[in-house]
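Coordinate inspection notes
Given next are the chains, with one letter for each unit.
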Amino acid sequence: MCWKCGSEIKDEIIGRSSVCGVCGKDLHSCRNCGFYSPGSHYDCRETVSDPVSDKERANFCDSFRVKRVWAKNSMQGMDDKVAAAKKAFDSLFG
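Here's a quick rundown of the structure. Since the structure is predicted, the reported quantities are computational estimates derived from the model, not experimental observations.

Rules of the game
- Residues numbered from 1 in each chain as written.
- Predicted model: local features only at pLDDT ≥ 70, side-chain atom pairs only at ≥ 80, totals over all residues.
- Heavy atoms only, no water.
- Helix = DSSP H or I, 4+ residues; strand = E, 2+ residues; numbered from the N terminus.
- Polar contact = N/O pair within 3.5 Å; in protein donor to acceptor, adjacent residues only side chain to side chain.
- Contact = heavy atoms within 4.5 Å.
- Buried < 20%, exposed > 50% of the residue type's maximum accessible area, 1.4 Å probe, protein only.
- Core = buried A, V, L, I, M, F, W, Y, C linked by side-chain atoms within 4.5 Å.
- Phe/Tyr/Trp six-rings, centres within 6.5 Å; stacked < 30°, edge-to-face > 60°.
- Lys NZ or Arg CZ within 6 Å of the ring centre and 35° of its normal.
- 1 Å grid on protein atoms, 1.4 Å probe; cavity = no way out; pocket = protein on both sides within 12 Å on 5 of 7 lines; lining within 4 Å.
- Points joined across faces, edges and corners; volume = space filled by probe spheres on them.
- Nonpolar A, V, L, I, M, F, W, Y, C, P; charged D, E, K, R; others polar.

Another aspect to go through is the side chain of Asn59. Following the sequence through the fold, Asn59 ends up in the segment before helix 1 (72-92). Here the side chain of Asn59 touches Cys61 through a polar contact of 3.1 Å, landing on its backbone nitrogen. In contact with Asn59, not counting residues within four places along its chain, are Arg16, His28, Ser29, Cys30 and Val52.

Structure follows, in structure tokens:
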């Protein structure tokens, strides 16, 4: 999902020059990385030796992994599974 406009990213491989087909923002950027974590060292959960100054622009980071976001309807399915598991667990003691 694009960090800027929220559109789905269909590409499996995100290169340094990849841009969002909807808003044109860089996809290989800190803001679109699964390791991006504001407040962490260099705003990254991965161990990186050099900070990236502009988190919204394309960079050469080797640790980049595209951030995957669950769709809302997928989360609903997960909620149903959790509720069923909880019900099964509770029935063991009741």
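What follows continues from the structure just given.
Mapped onto the elements, Ser91 comes out in helix 1. Looking at Ser91, the relative accessible area reads 52%, which means it is exposed. At 2.7 Å, the side chain of Ser91 and the backbone oxygen of Ala88 are in polar contact.

Let us look at the nonpolar core. Listed in full, the 10 residues of the largest apolar core are Cys2, Ile9, Ile14, Cys20, Leu27, Cys30, Cys33, Tyr36, Phe64 and Val66. Every residue in contact with Cys30, bar those within four places of it in the chain, is listed here: Tyr36, Val52, Lys55 and Asn59.

Under the counting rule described, the total for this entry stands at one aromatic pair. Both rings, one in Phe89 and one in Phe93, keep their centres 5.2 Å apart while their planes meet at 65 degrees; by these two values the pair is edge-to-face. Residue Phe93 is classed as exposed on the basis of its relative accessible area, which comes to 66%. For Arg16, the ring lying beneath its charged end belongs to Phe60, and the centroid distance is 4.1 Å.

Empty space among the atoms becomes apparent when a probe as large as a water molecule is rolled across them. Here the largest pocket is characterised by a volume of approximately 280 Å³. Forming the walls of the largest pocket are 20 residues, and the residues nearest its centre are Cys30, Val48, Asp50, Val52 and Cys61. Along the lines of polarity and charge, the residues of the lining of the largest pocket split into 12 nonpolar, four polar and four charged.

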